[in-house]
Amino acid sequence: MTSVLITGANKGLGYETARRLGELGWRVFLGSRDEGRGRAAAQRLAADGVDVLMVPLDVTSQESVAGAVRLVREHTDQLDVLVNNAGTPGGGVNPADATAGDVHVVYDTNVYGPVRVTQAFLPPPT
Ligand SMILES: NC(=O)c1ccc[n+]([C@@H]2O[C@H](COP(=O)([O-])OP(=O)(O)OC[C@H]3O[C@@H](n4cnc5c(N)ncnc54)[C@H](OP(=O)(O)O)[C@@H]3O)[C@@H](O)[C@H]2O)c1
């Protein structure tokens, strides 16, 4: 069975991706930075017959990413597909007013997040 981890899958495009891949019979690891929202989303998919496990995962936190790796490895020794979906548009701040802090959140999520998650889930070198 093909397995997939989707970051930020509690809503939006991530949730829809989870739903459609689940429909195809894939095993879905549903990443969510908020456990309550993630659990609710996973319950909806499970009610439709999807093989789904909610994985607490904040892509801006190395500790959270490491916890997600441990949890997924408890359930499978091979993750086939990673969908780096989690993202933020930022606060809609006018570029002339954007502080380094405003931009940091966007880069930490949209740029460094996928790097953190991808590196953490790569299989160890043989
Ligand atoms: N929709 C579009 O037209 C469009 C166009 C171009 C690119 N994209 C990209 O496609 C992706 C999904 O878009 P969408 O429209 O479905 O967005 P969305 O509805 O805002 O969903 C974004 C998801 O990312 C999660 N997320 C945000 N920060 C996170 C973090 N630090 N760690 C883990 N999860 C985090 C959100 O969690 P919470 O629910 O906790 O906030 C949510 O689950 C994004 O990367 C977006 O930039 C979308």
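Draft legend 1. How the structure looks around the nonpolar core. In this structure, I6, A18, V28, L30 and V55 are the most contacted members of the largest nonpolar core, which totals 26 residues. Sequence-distant contacts of V28, that is, excluding residues within four places in its chain, are made with V4, I6, A18, L21, G22, L45, V50, D51 and V52.

Draft legend 2. Representation of the site of the ligand. In the vicinity of the ligand, 19 residues are found, and the nearest of them are G8, G12, L13, A86 and G87. Among the elements that make up the shell around the ligand, the one with the highest residue count is helix 1 (residues 12-23) (three residues). Considered class by class, the residues forming the shell around the ligand number four nonpolar, 10 polar and five charged.

Draft legend 3. Molecular detail of the environment of H104. Along the polypeptide, H104 turns up in helix 4 (residues 100-110). C-beta crowding within 10 Å serves as the criterion here: with 12 such atoms nearby, H104 is assigned to the exposed category. Each C-alpha atom of the pair H104 and G90 lies 9.4 Å from the other, and the pair is 14 residues apart in sequence.

Draft legend 4. Just the pairing of strand 1 (residues 3-6), in detail. Strand direction decides the pairing type here: strand 1 and strand 2 (residues 27-32), joined by four bridges, are parallel. Its bridge partner lying in strand 2, I6 is registered against L30. In the classification by handedness, the crossover that spans strand 1, the intervening helix 1 and the parallel strand 2 is right-handed. The sheet contact formed by strand 1 and strand 4 (residues 81-83) spans three bridges and is parallel. Each bridged residue has a counterpart across the sheet, and for V4 the counterpart in strand 4 is V81.

What counts as what
Residues numbered from 1 in each chain as written. Predicted model: local features only at pLDDT ≥ 70, side-chain atom pairs only at ≥ 80, totals over all residues. Core = buried A, V, L, I, M, F, W, Y, C linked by C-beta atoms within 7 Å. Buried ≥ 20, exposed ≤ 12 C-beta atoms within 10 Å, placed from the backbone. Contact = placed C-beta atoms within 7 Å. Near = placed C-beta within 6 Å. Helix = DSSP H or I, 4+ residues; strand = E, 2+ residues; numbered from the N terminus. Nonpolar A, V, L, I, M, F, W, Y, C, P; charged D, E, K, R; others polar. Pairing = 2+ DSSP bridges. Right-handed = clockwise from strand over helix to strand, strands pointing away.

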